[in-house]
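What the coordinates show
Chain residues, written in single-letter form:
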Amino acid sequence: MKTLKEQSLLIAVEMAAIFAVCAVFSGGCAAAGFHAGSAGGADKKEQSAELRITIDVRDGSRLIGMARQDSLPVQCSLGSIKIPLADIRKVTMFEDREQATICLANGDKLTGVPGWRAVKVTTIIGDIAVTMTEIRELTVVPVFSGSAANRGLVLYYPFDLDEGGKVTDASGGRHDGIVNDAKWTSAGRIGGAYDFSGSGTPYISFDPGDLAGTRALSVAAWIRNFGDPGDWEYVIKCGYDGGVDADNRIMFIFLGFQKTGVSPGNICGSTLGIQRDSDGVLASQTVYLNKPLSYFRDGNWHHVAMTWDGTTATWYVEGQFNSQATTSAGCLAHSAGQRLLIGNGYSFGSIHENFNGLIDEVMIYNRALSGEEVGALYARGADRGGSVKQ
């Protein structure tokens, strides 16, 4: 007969062993989201968002739609568990068509047997159910509507569909774009992307007039560069240069590759056309990235982001701080008729500075994102397989 003290000690040892096992497996049960509730504060925000599912079918087909299921039952070494769909980023089925590798939003992975008979999604052609045995892989992406990340989002191009010459702004900001010569591809970082490396004058454009007067800005995108086609390449450029008062005509530039010119071999991260509060004068101010051109011209996907809070411009690469510079206090300037170009730039009378590669997941905010928020944007696309610089 054990004493009360001995029984208490035994219970404590058993509890410690249980927590130790949880901590060893995938960084902890709580981290993996296996306890009741969600996988943490950040994911709780995303669980209120809609979830977009991309289904790659074994016959080569691909379907994209909005999720109609909330959680995925899984039988695994931990027993029978139920994982909130918002905590899942990718499910890859084995060749036996029963087991799968499940990648979670916090980086954890586990192997088990999914409990769904079919994945149910709402697509542009109606409600569809795809049986698990016919699925090769599915990815889950939180759509920003209704979540904290949606605050200040004024443009979002996921590029997941070929819409035949146009791009729909998924932010609800009504900045739908017009496609010129750029080619849609299914080989994006998340779903589809647009290729600006082809012939003609490839770009996507829209009217950014309502950004004029903005006193804060954030821009983010995934890019994949194929090499060195010429002196300049632009991921995004609004405005034009060349001629009298050239600087006054730039609203903003997001990532310019400069082979020759004033700073050959450097990367013009951002140029902001700011109407200064002090005297009302228009002035352009540039922030350079602390990366060589070769870093981005390796054929891999890279995530780049710039934030500006009205006085400080900050650059992030792969979700990490890269460089920073102080700017004049003021607001973004804009000339009537200027259009924002994605994948190209206007200079000296023509559009001829195209980006030689793919661009995906373009986002523009009318506020300065925090470093943690930029890191979260990078994390959404980092765990997608393929080549990504870490």
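Remember, predicted model here, so these are calculated numbers, not experimental data.

Turning to the overall build of the protein, a few remarks are in order. Counting its regular elements, the protein contains five helices and 29 strands. With 390 residues in all, the protein has 50% of them scored as buried. The contacts of the protein with a sequence gap of at least 6 include a subset with a gap of at least 24, amounting to 64%. Summed over all atoms, the accessible surface of the protein reaches about 17,200 Å², with 52% contributed by carbon and sulfur.

A word on the confidence of the model for the protein. For the protein, mean pLDDT is 77; residues scoring 70 or higher make up 72% of the total. Low pLDDT, under 50, characterises residues 1-48; the stretch is placed with 53 contacts to residues that sit more than four places away or in other chains. In this model, residues 242-248 is a region of pLDDT below 50 whose contacts with residues beyond four sequence positions or in other chains number eight contacts.

Looking now at the environment of F226. Its location among the elements puts F226 in the loop between β17 (217-225) and β18 (232-241). Here F226 falls in the partly exposed class, since its relative accessible area comes to 40%. Sequence spacing of F226 and N356 is 130 residues, and the spatial spacing of their C-alpha atoms is 5.8 Å. Residues in contact with F226, not counting those within four places in the same chain, are D195, S197, N356, G357 and L358.

If you look at the biggest cluster of nonpolar residues, it comprises 41 residues, and the most contacted ones within it are F254 and I359. Per-element accounting of this core gives the leading share, four residues, to β17. Among the nonpolar cores identified, the runner-up in size contains 27 residues, and I55, M93, L110 and V130 belong to it.

For the structure on display, the rule yields seven salt bridges. Where R62 meets D56, a salt bridge forms, and the shortest distance between an N and an O atom there is 2.7 Å. The class of R62 is partly exposed, set by a relative accessible area of 35%. Of the residues examined, D56 reaches a relative accessible area of 9% and is grouped as buried. Where D56 meets R136, a salt bridge forms, and the shortest distance between an N and an O atom there is 3.7 Å. With D56 in strand β1 (residues 51-57) and R136 in strand β10 (residues 135-142), the pair connects residues that are 80 residues apart, well separated along the chain. It is possible to trace a salt-bridge network through shared partners that takes in D56, R62 and R136.

Enumeration according to the criterion identifies six aromatic pairs in this entry. Their ring planes at 35° and their centres at 5.6 Å tell us that Y157 and F159 sit as a pair that is tilted. Pairing W222 with Y378 gives two aromatic rings, centres 5.6 Å apart and planes at 25°, and the pair type is stacked. Of this pair, W222 sits in strand β17 while Y378 is found in helix α5 (residues 371-382), placing the two residues 156 residues apart along the sequence. Comparing W222 with Y378 shows no difference in burial state: the two are buried. By the ring-pair criterion, three or more aromatic residues cluster together here, those being Y157, F159, Y194 and F206. A cation sits over an aromatic face here: R189 above W222, 5.6 Å from the ring centre. K291 extends its terminal NZ or CZ atom over the ring of Y295, reaching a point 4.2 Å from the ring centre.

Okay, the environment of R58 next. Its place among the elements puts R58 in the loop between β1 and β2 (62-67). Between the C-alpha atoms of R58 and I135, which are 77 residues apart in sequence, the distance is 5.7 Å. Polar side-chain contacts of R58 include one of 3.3 Å to the backbone oxygen of T133.

Glancing now at empty space enclosed by the protein. Applying the stated criterion to the full structure yields one cavity of 30 Å³ or more. Roughly 40 Å³ of internal volume is contained in the largest cavity. Those elements that provide at least two residues to the lining of the largest cavity are β17, β29 (357-365) and α5. In the lining of the largest cavity, the residues fall into five nonpolar, one polar and two charged.

Here is what the cut-offs are and how they apply
- For every chain, the first residue of its written sequence is number 1, and the numbers climb from 1 along that sequence.
- For a predicted model such as this one, the threshold for reporting local features is a pLDDT of at least 70, and the threshold for listing and counting side-chain atom pairs is 80 or more; totals across whole chains, interfaces and linings nevertheless cover every residue.
- As a rule here, side-chain values come from all non-hydrogen atoms in the structure, and water together with hydrogens is ignored.
- Strands are runs of DSSP state E lasting at least 2 residues, helices are runs of H or I lasting at least 4, and numbering of each runs from the N terminus.
- Exposure is judged per residue with a 1.4 Å probe applied to protein chains only, and the accessible area is read against the type maximum: over 50% gives exposed, under 20% gives buried, and values in between give partly exposed.
- Contact criterion: two residues are considered in contact whenever any of their non-hydrogen atoms come within 4.5 Å of each other.
- For the accessible areas, the method is Shrake-Rupley and the probe is 1.4 Å, while residue cover comes only from the protein chains on display.
- Scored between 0 and 100, pLDDT is the confidence that the predictor attaches to each residue.
- As used here, the term nonpolar core means buried Ala, Val, Leu, Ile, Met, Phe, Trp, Tyr and Cys residues forming a set that is joined through side-chain atoms within 4.5 Å.
- What makes a salt bridge here is a side-chain nitrogen of Lys or Arg within 4 Å of a carboxyl oxygen of Asp or Glu, nothing more.
- Between rings of Phe, Tyr and Trp, where Trp is taken as its six-membered ring, a pair exists when centres lie within 6.5 Å; planes separated by under 30 degrees are stacked, by over 60 edge-to-face, and by other angles tilted.
- Charge-over-ring placement is defined geometrically: NZ (Lys) or CZ (Arg) within 6 Å of the ring centre, and within 35 degrees of the ring normal.
- Nitrogen and oxygen atoms within 3.5 Å of one another constitute a polar contact, given that in protein one can donate a hydrogen and the other can accept it, and given that sequence-neighbouring residues count only through two side-chain atoms.
- Cavities and pockets were defined on a 1 Å grid built from protein atoms only: a cavity is a group of points that admits a 1.4 Å probe but offers it no way out, a pocket is an open group of points flanked by protein on both sides within 12 Å along at least five of seven lines, and a lining residue is one with an atom within 4 Å of any such point.
- Grid points are joined across faces, edges and corners, and a volume is the space filled by probe spheres set on the points.
- Only Asp, Glu, Lys and Arg are considered charged, only Ala, Val, Leu, Ile, Met, Phe, Trp, Tyr, Cys and Pro nonpolar, and every remaining residue, Gly among them, polar.

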